[in-house]
Amino acid sequence: MSESITPIEVRIPEVSLVLLIGASGSGKSTFGREKFAPFEVVSSDFCRGLVAGDENDQSASKDAFDVLEYIVGKRLAAGRLTVVDATNVQPGSRASLINLARAHDVLPVAIVLDMPEQVCRERNRLRPDRQNSDAVITRQRDALRRSRKSMGREGLRGVHVLSSPEEADAAVIVREKLRTDLTDQHGPFDAIGDVHGCLSELETLLTTLGYTLTRDDAGRPIDAEHPQGRRVILLGDLVDRGPDSVGVLRLAMGMHAAGHALVVPGNHEQALINALGGKKVNLSHGLGDTLAQLAAEPKEFTDALRAWLYSLVSHLVLDDGNLVVAHAGLKEAYHGRSSGRVRSFALYGDTTGEVDEYGLPIRLPWQRDYRGSAVVLYGHTPMLTPRWVNNTLCLDTGCAFGNALSALRYPEREIVQVPAERTYAESRRPLGDPEDVPVPAGQGPATGSEPTRADGTAPARAEHTAAGHPDATAPARPEAGTTDRSAPGNTSLLGRARAARPPRERAADELRLDDVLGRRSIETGLHGRVAIRSENAAGALEVMSRFALSPNLLPTLPATMAPVETSREEGYLEYPTEAFAGYRAAGITDLIAEEKHMGSRAHVLVCRDADAAARVLGTSADTTGAVFTRTGRAFFDSATTEELLGRVRAAADTAGLWDTLDTDWLLLDGELLPWSLKAEDLLRGTYAATAAAGRASLGAAGADLARALARGVEVEPEAERTASRLGHIEDFAAAYRRYVWPVEGLDGVEFAPFQLLASRGAVHHERDHGWHLDIADALIAADPATFRTTRRLRINAADPDEVSAATTWWLELTAAGGEGMVVKPFAGTSFDKHGLVQPGLKVRGREYLRLIYGPDYTDPGQLSRLRDRHLGHKRSLALREHALGIEALTRFVQGEPLWRVHEAVFGILALESEPVDPRL
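What counts, and where the lines are drawn
Residues numbered from 1 in each chain as written. Predicted model: local features only at pLDDT ≥ 70, side-chain atom pairs only at ≥ 80, totals over all residues. Heavy atoms only, no water. Helix = DSSP H or I, 4+ residues; strand = E, 2+ residues; numbered from the N terminus. Buried < 20%, exposed > 50% of the residue type's maximum accessible area, 1.4 Å probe, protein only. Contact = heavy atoms within 4.5 Å. Patch = residues over 30% accessible without salt bridge, like charges linked within 9 Å, V, L, I, M, F, W, Y side chains within 5 Å. Areas by Shrake-Rupley, 256 points an atom, 1.4 Å probe, with all protein chains shown as cover. Salt bridge = Lys/Arg side-chain N within 4 Å of Asp/Glu carboxyl O. Lys, Arg positive; Asp, Glu negative; His and termini not counted. Charge placed at Lys NZ, Arg CZ, Asp CG, Glu CD. pLDDT = per-residue confidence, 0-100. Arc of directions from axis to C-beta. Axes fitted to C-alpha atoms, helices over the stretch in contact; angles between N-to-C directions. Parallel < 35°, antiparallel > 145°, perpendicular 65-115°, else oblique. Left-handed = near helix turned anticlockwise from the far one by under 90°. Nonpolar A, V, L, I, M, F, W, Y, C, P; charged D, E, K, R; others polar. Phe/Tyr/Trp six-rings, centres within 6.5 Å; stacked < 30°, edge-to-face > 60°. Lys NZ or Arg CZ within 6 Å of the ring centre and 35° of its normal. Pairing = 2+ DSSP bridges. Polar contact = N/O pair within 3.5 Å; in protein donor to acceptor, adjacent residues only side chain to side chain. Core = buried A, V, L, I, M, F, W, Y, C linked by side-chain atoms within 4.5 Å.

Which residues make up the overall build of the protein, and what values go with them?
Scanning the protein from terminus to terminus reveals 26 helices and 37 strands. The proportion of buried residues among the 920 residues of the protein is 55%. Once local pairs closer than 6 in sequence are excluded, the contacts in the protein between residues at least 24 apart make up 74%.

Before we move on, can you summarise a negative patch on the surface with the specific residues and values?
Together, Glu714, Glu716, Glu718 and Glu720 line one region of the surface with negative charge. Its location among the elements puts Glu714 in the loop between α19 (676-710) and α20 (716-737). With a relative accessible area of 71%, Glu714 lands in the exposed category.

So what's going on with the confidence of the model for the protein? Which residues, and what values?
Put simply, the protein has an average pLDDT of 84, and 87% of its residues get 70 or more. Low pLDDT (under 50) marks residues 433-504, which in the prediction has 193 contacts with non-local residues, meaning those over four places away or in another chain.

Describe in detail the pattern of salt bridges, supporting the description with residues and values.
Applying the stated criterion across every chain, the model contains 52 salt bridges. With a shortest N-O distance of 3.0 Å, Arg512 and Glu510 are connected by a salt bridge. Taken together, the salt bridges that share partners define one network made up of Asp114, Glu117, Arg121, Arg141, Arg145 and Arg148.

Describe the environment of Val516, with residues and values.
You can see Val516 is positioned in the loop between β23 (482-483) and β24 (520-524). C-alpha separation for the pair Val516 and Ala540, spaced 24 residues apart in sequence, amounts to 9.2 Å.

Describe helix α15 (residues 576-585), with residues and values.
In an α-helix, one turn spans 3.6 residues, which is why side chains three or four residues apart end up on the same side. Those residues of α15 not exposed but buried are Pro576, Ala579, Phe580 and Tyr583. Buried residues along α15 cover an arc of 90° about the axis, so they all sit on one side. Those residues of α15 hidden inside the fold are in contact with β27 (590-596), β33 (792-796), α22 (800-815), β34 (820-825) and β37 (841-844). Gly587 occupies a position one or two residues after α15 and carries a positive phi of about 80°.

Before we move on, could you go through the packing of helix α5 (residues 117-125) against helix α6 (residues 134-148) and cite the residues and values that matter?
Interhelical geometry of α5 versus α6 gives an angle of 140° and a closest axis separation of 10 Å. One way to sum up the angle between α5 and α6 is to call them oblique. As α5 runs across α6, the sense of the crossing is right-handed. Listed contacts from α6 to Glu117, Cys120, Arg121, Asn124 and Arg125 of α5 are Asp134, Ile137, Thr138 and Arg141. Residue classes in the contact of α5 with α6 are distributed as two nonpolar, two polar and five charged.

Could you give an account of the packing of aromatic side chains, naming the residues involved and the relevant values?
To describe a pair of aromatic rings, you give the distance between the ring centres and the angle between the ring planes. Enumeration over the complete set of coordinates arrives at 11 aromatic pairs. Centre to centre, the rings of Trp366 and Tyr370 are 6.2 Å apart; their planes meet at 85°, and the pair counts as edge-to-face. In terms of burial, Trp366 and Tyr370 fall into one category: buried. Ring plane angle 80° and centroid distance 5.5 Å describe the contact between Tyr575 and Trp810, whose orientation is recorded as edge-to-face. Taken as a pair, Tyr575 in the loop between β26 (562-563) and α15 and Trp810 in helix α22 lie far apart in primary sequence, 235 residues in all. For the pair shown, Tyr575 and Trp810 are each scored as buried. Ring pairing ties together the aromatic residues Tyr334, Phe345, Trp366, Tyr370 and Tyr378, which thus form one cluster. Seen from the ring of Trp771, Arg767 lies directly overhead, with NZ or CZ sitting 4.3 Å from the centre.

Please provide a residue-by-residue account of the sheet that holds β27, values included.
Spatially, the five strands line up as an open sheet ordered β26-β37-β34-β27-β33, and their pairing is mixed. Of all the strands in the sheet, just β26 and β33 have a single pairing partner and so form its edges. The pairing of β27 with β34 spans six bridges and is classified as antiparallel. Note on β34: the bridge partner recorded for Glu595 is Met821. Strands in contact with α15 are β27, β33, β34 and β37; relative to β34, the strand with the most contacts, it is inclined by about 5°.

Got a sec to walk through the sheet that holds strand β8 (residues 181-182)? Specific residues and values, please.
Read from one edge to the other, the open sheet built from six strands follows the order β8-β14-β15-β18-β20-β19, with strand pairing classed as mixed. Single-partner strands in this sheet number two, and they are β8 and β19 (387-389). Inspection of the sheet shows β19 paired to strand β20 (residues 392-394) by three bridges, in the antiparallel sense. For Val389, the partnering residue across the bridge sits in β20 and is Thr392.

Tell me about the pairing of strand β10 (residues 212-215), residues and numbers included.
Direction of pairing for β10 relative to strand β11 (residues 221-225): antiparallel, over a ladder of four bridges. Directly across from Thr212, in β11, lies its bridge partner Glu225. Hairpin remark: β10 followed by β11, antiparallel, with five residues in the connecting loop; positive phi at Gly219, about 85°.

Help me get a handle on the pairing of strand β21 (residues 404-410), residues and values and all.
The buried count for β21 comes to seven of seven residues, which makes it a mostly enclosed element. Burial along β21 is two-sided: the face carrying Ala404, Ser406, Leu408 and Tyr410 and the face carrying Leu405, Ala407 and Arg409 are both buried. Two elements, strand β9 (residues 189-192) and β21, share four bridges in a ladder whose sense is antiparallel. Each residue of the ladder has a partner; that of Ile192, found in β21, is Ala407. As paired strands, β21 and strand β22 (residues 414-419) are joined by six bridges and run antiparallel to one another. Each residue of the ladder has a partner; that of Arg409, found in β22, is Glu414.

Describe a nonpolar patch on the surface, naming the residues involved and giving the relevant values.
Taken together, the side chains of Phe46, Leu50 and Val51 present a nonpolar region at the surface, about 290 Å² in accessible area. Structurally, Phe46 is set in helix α2 (residues 44-52).

Any chance you could break down the environment of Val418 for me, citing the residues and the numbers?
Within the secondary structure, Val418 is located in strand β22. Residues Val418 and Ala407, spaced 11 residues apart in sequence, show a C-alpha to C-alpha distance of 9.0 Å.

Can you break down the packing of helix α8 (residues 199-208) against helix α9 (residues 245-257) residue by residue, with the values?
Viewed as axis vectors pointing N to C, α8 and α9 meet at an angle of 40°, and their least axial separation amounts to 9 Å. Of the two elements, α8 crosses α9, and the hand of that crossing is left-handed. When α8 is examined against α9, the residues Leu199, Leu202 and Leu206 are found in contact with a partner set consisting of Gly247, Val248, Leu251 and Met255. Of the residues belonging to the contact of α8 with α9, the class tally is six nonpolar, one polar and no charged.

Break down α2 for me, citing the residues and quoting the values.
Within α2 the residues assigned to the buried category are Ser44, Asp45, Cys47, Arg48 and Gly49. Its side-chain oxygen placed 3.1 Å from the backbone nitrogen of Asp45, Ser43 serves as the N-cap of α2. Of the residues trailing α2, Gly53 is marked for its positive phi of about 75°.

An account of the environment of Ser245 is needed here, citing residue identities and associated values.
Along the chain, Ser245 turns up in helix α9. For Ser245, a relative accessible area of 0% translates into the label buried. For Ser245 and Gly286, which are 41 residues apart along the polypeptide, the C-alpha to C-alpha distance reads 9.6 Å. Setting aside anything within four residues of it in sequence, one finds Ser245 in contact with Gly197, Val239, Asp240, Thr290 and Gln293.

Which residues make up the nonpolar core, and what are the values?
Ile532, Leu554, Phe628, Trp665 and Leu884 are the most contacted members of the largest nonpolar core, which totals 44 residues. Element by element, the count of residues in this core is highest for helix α25 (residues 872-893), at nine residues. Formed by 40 residues, the second largest nonpolar core is a distinct cluster that contains Leu287, Leu294, Leu312 and Ala400.

Shown next, in the form of structure tokens:
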């Protein structure tokens, strides 16, 4: 780099389409290679080589650019910065790429390498693979010079010109976050719906929310600050209709300048910008009154207001992408994007261009098809009550029309309202569409560590009231400063207690095939996106629809568990050494080993009483929970299930868990014993039959060989091998008999809990396993006849003595007939540099594996063959199922709609359809 050239900053949006523009020999490819990551640059030459096998074959250019635009489109759809390396010197060659950026709502920018013609010619001559004539270079430079002045009019949002090799070398690419990107700001926030000039109500609401107002010498509010650092989000439409639009603007501008508020513009602010800019506007809907109020203000205020309004961006993405705010809402494809249509959607919603019978724009219900994980808060369309539709919440409750001003406390999910002091304007359309079904405040999805309902209880599972229907009584306006603390119940899968007239928006309990079928990916908080194959989804649908419990009783499914790496220990296929070494390699040494019971994996979902079950699960009085398998099937008939749930409930009462955990429901993970409870057909039809056939055939063979030996026939090797195999058969029979005992009803049935997965307001996967086993021990102490102890041993994997002691413990456990153990990070969910760490590794005993791999698997030849088993797929499956399980529970606890919970639950079952060695 020349010392005489100051580094030149080339600022580009971090999500954008960058066009490198310049004649042949201007250094575009070198610039792209040096300034951007390899996969960020898409070269026309490379695409020409892809389709023709020769980067210089100009006859392939049309096909090459088809390929280039396809690749660019895929990258932009994924939100990745993309650089196009092509000459792009003519407006026509740039137009299709600029349109591609618009189609994906990203900003197109240009970096022009306008090198001296002699430099281009010299560089071109040094390229043995491709040489363009001097005339071609001259034509390209002339085309570039002619179009440079018009580039800004083509839709490019930035044109950076580098005019010499030294400037190009000195250029530093600076990637700038979009102004909508506030993902690093986590709140807590208080989002406030459309104020519309209602300053007095805004002051009351801010005070109710705990903010302290600051006033100027004239007594006018100019700021509001919360003692706990909370911030306000104003969702637009601050002006018009109400009595003091200027006062609202003054307060909003002051809070924004002080960092105490975030603001997105509404369509009424856009109209005000147009009016202040001298454009011809319609003075209806209160704009004329706002302009009259502004006319009485000093010019300095109006100038500052105009600049402030221009500075507001269409929407904001907050809290690591978990929260999106826009005046009229925003569909998921537009989150964090930038284009004219994104801004239009954020300001006006999804409109048809037509008007309804009231003369107002017809707006399409984009919320009905919203599938995003981010909460979207918006206003724009006045409603009687705030209501959740999927993962979105409308906070415009028509204050100017005499109803109320509403706020949502985020992440607490608490709605706070103050009533309008009077009616300032008449609404042309009744508040709330007659076919809309509002959901009471305090309900709906949120993000945060332990989200709660407004009253501090668990999030509700979606109640629909009749409010908003033509024959419904309009709800009373709230008392000043009140918080809606309704405690709604739930609806079942079949839509129990729906209003007779179905809502236009999707009901929270409505499930659709397109939620689960086809190839799809599900975003998880622990493991990123988990892909589901279409053929596996189809298989899961068969199981779920024919055999599984109703989805409202399945907040998750038990995940499969990864086996330990194959051991090289003589005589063993699995051994504890590999489990300890595996976690040490991940940097985790504080471990716990838990006894692995030979039972059937089960989840027990139990509610404190019938009222809690109705509230949490939407069930009738005779169903207070569920006991289900890894595929969602019920273990027992309904009467036996309720009997077992009654015992669990009573033990929880005795142990004081309801009050200790402040919950009215529990979800326990454990093993139901005996194994024969669920596997009787397997035992009779496979294991017992195998043992009987082995005894019969090998016994007869052994007798024949013994007679042959008595006659002096040399069959000693065959006789020894047959005796050995008969011994293996006896070992096989002894192995499965340990896990079988007679039961009658629930007599003889035991449940061995080892983890409390979730309770009201919390998913407990980050709790250490000592905490979980303390909960289990409390249940065992309360009812030792129903609950079985899980023996455990805490281990420091970095201490050879402790590792040796744990190995001895496992050997003794399995020698006594135990299945084996599960080794887990003591701290619970853990991560290493590669991401999520296996939540547990099962180390199964030598004799138990005889049931899995066959009576003779311990023969040296068989063991040698089995050591080549492939574990990677099974271990990947365990991580993905665990992540989906926690994701489903998180959505359930946060009160998300049933279809959102079921999407993740169904994904677990679909993964179970993936082809994998069942013995693992």
